[in-house]
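A structural walkthrough
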Amino acid sequence: MVAKQSKARTLVPILGDQLTRDITSLSDADPASTIVLMMEVADETTYVRHHKKKIAFLLSAMRHHAQMLRAEGWTVDYVTLDDPDNAGSFTGEIARAVDRYAPDRIVVTEAGEWRVAAMLDGWETLFGIPVDIRGDIRFVASHADFDEWATDRKSLRMEYFYRVMRRRTGLLMDGDDPVGGEWNFDAQNRKPASNDLLMPRPIAFPPDAITTDVLALVADRFADHPGTLDGFEFAVTQADAMRQQRHFLDHALPRFGDYQDAMLTGEPYLWHSILSPYINAGLLDPLELCRQAAARFDEGKAPINAVEGFVRQIIGWREYMRGIYWREGPDYVDRNFLDATRDLPGFYWTGETDMHCLAQAIGQTLTHAYAHHIQRLMVTGNYALLIGANPRQVHEWYLEVYADAYEWVELPNTLGMSQFADGGLLGSKPYAASGAYIDRMSDYCRHCRYDVKKRVGENACPFNALYWDFLVRNEDKLGRNVRLAMPYRNWARMKPADRDATRAQAATYLASLDGANAAD
Ligand code: FAD
Ligand code: DLZ
Ligand code: SF4
């Protein structure tokens, strides 16, 4: 705590995902008259049961950030989770700080999600002092920019938004044209990988004294949360996150494009960057990262399909997801276009299933708080979609288990892209696939007790019958989708006896799931 002073002062709360010196709330602040407030609070650590590693990462990164700000001359009041007077919520801690410092005003950078934005909106009335809520310039597009792009458009496809972002940033542009003559090189990016390729592993950062304290705190307080703390190796400072960034650019970026969709047993990372927790918490600047990736192309160190693919994920998908989240409003979370109601199976929290693809994706998630995009979309997401899992439960699972998960980015990815619960705002068709897709992009099926080629029978891959059952079950909502015309035609061509056997296979499987859920 900081002693009460008499001269005019500003209270600047820095939230846990605002860990950069370049945050707008500090842009014109005077260290002599500013109290920076950082708060570890129970509400944020438990609004979902975050993975233990996610909590440990963020609390340690917050403590290191406070240390850095102090070293730069800022007065930082840092409230730890185990402070006996901790009020347990952002608003409760602001109330205590207002009491301590009697500030003239509060300056804060806008929150990353509706839940916290509503708190910030209430502070001016609650505390009777001006509250200046500033925009978050860590994104290329402001809310107004996205709205301007989206308004009056029939379709909000990411690809068109991405071109606007390319032009706005000048990344990979040759005048008004895209470098290489195409906006998108994804056609070159769908190669399966094999274990004999030499893969770069992310750098392991051993815990320092601050992280060791946090690990003990998290082990003690959040024992019932999913995941393990064993092998905690995240970067928790800006300097180390930059080392991981450089490591990715030097060693993984050149093949990022080729193997972006590949999955391999026992290989959680492949050529992915593993940078999302750092970008989302503020330790890395996404635009600077893209500039450095583009420079690797200019210098001939990485091919265009890799660099364009990577840049698109950040200034395309990431920006677009944020735009959708804020544009669709706080009720977006309630959408359930397909009326899906099944409980998510218990094995999502244990990884204990004989479906090897799911065991791999969930197992590494519980171990590392990480899975790459295709595992999230085409394994865990696809399966939840096919069984008709309740999209809200699916959303909460993703928000819990990934170190990079914040609602603004997780919700549109899960509810929209993966579960089609918004009826196709983001994608023209659901990301539903049979086992054949997983077999094409991974080695999982070779290690599985199920036969990916079989649709019915004892050891038939469950994804196969579930895929057809999903289409038939949802025909009233999806049957007129032109992009699904082919699979519906194929279903119609199937012999009636095969169709019956497929649906019976799916029904038996789903009934066994419901039985297991009821027993849990
Ligand atoms: P890379 O594959 O190396 O990609 C580079 C960067 O691009 C990522 O670090 C990330 O910042 C960005 N990016 C890539 N894809 C997306 C995307 N679809 N949306 C937004 N940014 C993207 N990403 C999150 O950051 N937080 C989430 O909570 C999250 N939840 C997801 C839930 C589902 C169901 C799905 C399908 C995807 C989700 N994603 C989420 C997107 C993506 O899976 C992760 O960003 C990526 O796996 C992070 O790993 P990486 O840093 O190695 O990414
Ligand atoms: C995710 C998270 C967790 C687990 N804990 C904290 C915390 O104790 N203090 C804090 O300031 N932020 C935390 N966060 C991140 C916040 O939930 C995030 O900053 C908000 O979602 C902002 O939108
Ligand atoms: Fe997954 Fe089916 Fe392949 Fe097994 S056979 S790994 S369940 S897709």
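Above: the structure in question.
For the structure given in this document, a descriptive report is provided here. If you're wondering where the values come from, they're calculated on a predicted model, not measured in any experiment.

Mapped onto the fold, Asp82 is located in the loop between strand E3 (75-79) and helix H3 (90-101). Residues Asp82 and Gln375, spaced 293 residues apart in sequence, show a C-alpha to C-alpha distance of 36 Å. In this view, Asp82 contacts Leu217 and Arg221; residues no more than four positions away in its chain are not counted. In this structure the side chain of Asp82 is engaged in a polar contact, spanning 2.9 Å, whose partner is the side chain of Thr80.

Across the sheet, which stays open at both edges, the 5 strands sit in the order E3-E2-E1-E4-E5 with parallel pairing between neighbours. Pairing within the sheet leaves two strands with one partner each, and these edge strands are E3 and strand E5 (131-134). The average undirected angle you get between the axes of adjacent strands in this sheet is 20 degrees. Judged from the 5 bridges that link them, strand E2 (residues 34-39) and E3 form a sheet pairing that is parallel. Paired with Met38 across the two strands is Tyr78, which belongs to E3. Along the sheet face, H3 touches strand E1 (10-13), E2, E3 and strand E4 (105-109) and points at about 150 degrees away from the line of E2.

This part is about the side chain of Asp17. The topology assignment puts Asp17 in the loop between E1 and E2. Here Asp17 sits buried without a salt bridge, and the closest side chain of opposite charge, Arg138, lies 4.9 Å off (N-O distance). Setting aside residues up to four positions removed in sequence, Asp17 forms contacts with Gly112, Arg138, Asn280, Ala281, Gly282 and Tyr406.

A word on the site of ligand 2. Near ligand 2, the surroundings consist of 19 residues, among which Asp17, Met39, Glu44, Gly112 and Glu113 are the closest. Glu44 is positioned such that a nitrogen or oxygen atom in its side chain is 2.6 Å from an oxygen atom of ligand 2. Protein contact buries 100% of the 480 Å² of open area that ligand 2 shows by itself. Its atoms largely coinciding with the cavity grid, ligand 2 occupies the largest cavity. Elements that contribute at least two residues to the shell around ligand 2 include exactly helix H1 (42-46), helix H2 (52-71) and helix H4 (114-127). With 3 residues, H2 is the single largest residue contributor to the shell around ligand 2.

Before going further, it helps to spend a moment on the layout of surface pockets. Considering only enclosed or pocket space, the second largest pocket measures out at about 320 Å³ in volume. The wall of the second largest pocket is formed by 21 residues, among which Asp22, Arg138, Leu284, Asp285 and Pro286 lie closest to the centre. Mapped onto the lining of the second largest pocket, the elements with two or more residues apiece are helix H8 (238-256), helix H10 (286-298) and helix H11 (304-328). Looking at the lining of the second largest pocket, its residues break down into 10 nonpolar, 4 polar and 7 charged.

Now for unusual backbone geometry. Here Leu270, not a glycine, exhibits a phi torsion of approximately 45 degrees, which is positive. With respect to the helices and strands, Leu270 occurs in the loop between H8 and helix H9 (276-281). Among the residues examined, Leu270 registers a relative accessible area of 2% and is labelled buried.

Next up on the list: the site of ligand 1. Around ligand 1, the surrounding shell holds 29 residues, and the nearest of these are His272, Ser273, Ile274, Asn280 and Tyr370. Within the side chain of Tyr370, one N or O atom sits 2.7 Å away from an oxygen atom of ligand 1. In this structure, Asn413 approaches ligand 1 through a side-chain N or O atom, which is 2.9 Å from a nitrogen atom. Burial of ligand 1 by the surrounding chains reaches 99%, relative to a free accessible area of 810 Å². Where the shell around ligand 1 is concerned, the elements lending two or more residues are H9, H11, helix H13 (373-387) and helix H15 (407-418). Tallying contributions element by element places H11 first for the shell around ligand 1, with 6 residues. Class assignment for the residues of the shell around ligand 1 results in 15 nonpolar, 10 polar and 4 charged. Taken domain by domain, the makeup of the shell around ligand 1 includes at least three residues from each of domain 2 (143-206 + 238-328) and domain 3 (346-519).

This part is about the environment of Asn305. Its place among the elements puts Asn305 in helix H11. Sequence separation between Asn305 and Phe256 is 49 residues, and the spatial gap between their C-alpha atoms is 8.5 Å. With near-sequence residues (within four places) excluded, Asn305 lies in contact with Phe185, Gln188, Asn189, Gly257 and Asp258. There is a polar contact of 3.0 Å between the side chain of Asn305 and the side chain of Asp258.

About the thresholds
Residues numbered from 1 in each chain as written. Chains lettered and ligands numbered in written order. Predicted model: local features only at pLDDT ≥ 70, side-chain atom pairs only at ≥ 80, totals over all residues. Heavy atoms only, no water. Helix = DSSP H or I, 4+ residues; strand = E, 2+ residues; numbered from the N terminus. Contact = heavy atoms within 4.5 Å. Polar contact = N/O pair within 3.5 Å; in protein donor to acceptor, adjacent residues only side chain to side chain. Pairing = 2+ DSSP bridges. Axes fitted to C-alpha atoms, helices over the stretch in contact; angles between N-to-C directions. Buried < 20%, exposed > 50% of the residue type's maximum accessible area, 1.4 Å probe, protein only. Lys, Arg positive; Asp, Glu negative; His and termini not counted. Salt bridge = Lys/Arg side-chain N within 4 Å of Asp/Glu carboxyl O. Near = heavy atom within 4 Å. Areas by Shrake-Rupley, 256 points an atom, 1.4 Å probe, with all protein chains shown as cover. 1 Å grid on protein atoms, 1.4 Å probe; cavity = no way out; pocket = protein on both sides within 12 Å on 5 of 7 lines; lining within 4 Å. Sits in = over half its atoms within 2 Å of the grid points. Points joined across faces, edges and corners; volume = space filled by probe spheres on them. Nonpolar A, V, L, I, M, F, W, Y, C, P; charged D, E, K, R; others polar. Domains from an automatic or database assignment.

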